[in-house]
Amino acid sequence: AGRIRYHYLFGLTIKEILVHHHLWSGGPGFLELLLQGQLNKQNIKKIQAELWEHRESVGNLRRRILIFGSLPAVFLEPSEEERWFMLRDYAATYIEKDIRVLGGVGDLDLFQRLDRALLLQNANLLNVSNLASDLGISRNTIDSYLGILEQTHVISRLRAWAERPKARL
């Protein structure tokens, strides 16, 4: 106890990808400018102008990110065929090791059905009761599986916004 530090490693950021491919100088992005209080029309136009020069390459990278994600090993793999194999192997390892062993999930078929159903829910309001009814499983099971998916950084649930702090809780 007291001698451990967790490092959460996420996929490559858009900025890292653009800089790696020499499509952006690496200056501050929109969020950085916003946090520094320097997001203004002039700075936005500067970023847009720099990216506009490389719009075709940026579009190709966008498609690649949407299809293959931004895990460094997968994204940087030059062979598209090998990227598909890597993703397949990654998913199999995730299901077999993280979900079955660490998550204590016995019915992997049910877990995978929920995972596929969540793909159809992307960016929509999540009604856990309806999802449980559609899949024919209990709400508690859905909540448990959603917790596992969040802990393993596969999904992120955005809570509803409310102005009053108590209402947000």
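Everything below is about the structure shown above.
These lines cover the structure that appears in this document, whether it is placed above or below.

Conventions we followed
Numbers given to residues run from 1 along each chain, matching the order in which its sequence is written. The model is predicted, so local features are restricted to residues of pLDDT at least 70 and side-chain atom pairs to those at 80 or more, both for listing and for counting; the totals for chains, interfaces and linings are taken over all residues. Side-chain numbers here rest on the full set of heavy atoms in the structure, without hydrogens or water. In DSSP terms, a helix is any run of H or I states spanning at least four residues, a strand is any run of E spanning at least two, and both are numbered starting from the N terminus. Note on classification: 1.4 Å probe, protein chains only; a residue is buried when its accessible area is under 20% of the maximum for its type, exposed when over 50%, partly exposed between these limits. Contacts are assigned to residue pairs that have any heavy atoms within 4.5 Å of one another. The accessible surface values rely on the Shrake-Rupley method and a 1.4 Å probe; as for residues, cover is taken only from the protein chains in view. A residue counts as positive if it is Lys or Arg and as negative if it is Asp or Glu; His and the chain ends are not included. By convention, the charge on Lys lies at NZ, on Arg at CZ, on Asp at CG and on Glu at CD. A helix is expected to span 1.5 Å for every residue after the first. Nitrogen and oxygen atoms within 3.5 Å of one another constitute a polar contact, given that in protein one can donate a hydrogen and the other can accept it, and given that sequence-neighbouring residues count only through two side-chain atoms. What makes a salt bridge here is a side-chain nitrogen of Lys or Arg within 4 Å of a carboxyl oxygen of Asp or Glu, nothing more.

Let us look at the overall build of the chain. When helices and strands are counted, the chain shows ten helices and zero strands. Taken over the C-alpha atoms alone, the chain extends approximately 55 × 50 × 45 Å along its principal axes. Out of the 169 residues in the chain, the part that is buried amounts to 22%. Taking as baseline every contact in the chain between residues at least 6 positions apart, the subset at least 24 positions apart corresponds to 39%. Counting only carbon and sulfur atoms, one obtains 55% of the accessible surface of the chain, whose full area is about 13,000 Å². The positive charge centre, built from 22 side chains, and the negative charge centre, built from 19, are 9 Å apart in the chain.

Glancing now at the environment of Leu61. Assignment of secondary structure puts Leu61 in helix H4 (residues 55-68). Note on Leu61: relative accessible area 7%, which makes it buried. Sequence spacing of Leu61 and His21 is 40 residues, and the spatial spacing of their C-alpha atoms is 9.3 Å. When sequence neighbours within four positions are dropped, the list of residues in contact with Leu61 reads Ile17, Leu18, His21, Leu23 and Phe75.

This brings us to helix H3 (residues 41-52). In a regular helix each residue adds 1.5 Å, so twelve residues correspond to 16 Å; H3 covers 16 Å between its end C-alpha atoms and thus fits that length. The N-capping residue of H3, defined by a side-chain oxygen 3.2 Å from the backbone nitrogen of Gln42, is Asn40.

Our next topic: the side chain of Ser70. Structurally, Ser70 can be placed in the loop between H4 and helix H5 (72-76). For Ser70, a relative accessible area of 19% puts it in the buried group. Excluding its chain neighbours within four sequence positions, the residues that come into contact with Ser70 are Gly11, Leu12, Ile17 and Phe75.

Turning to the pattern of salt bridges, a few remarks are in order. Per the stated rule, a full pass over the model turns up four salt bridges. With a shortest N-O distance of 3.0 Å, Glu32 and Lys15 are connected by a salt bridge. One end of the pair, Glu32, is in helix H2 (residues 30-35); the other, Lys15, is in helix H1 (residues 14-20), and 17 residues separate them in sequence. Residue Glu32 is classed as partly exposed on the basis of its relative accessible area of 34%. Put simply, Asp89 and Arg88 hold a salt bridge, and the shortest N to O gap is 2.8 Å. The exposure class assigned to Asp89 is partly exposed, which follows from its relative accessible area of 38%.

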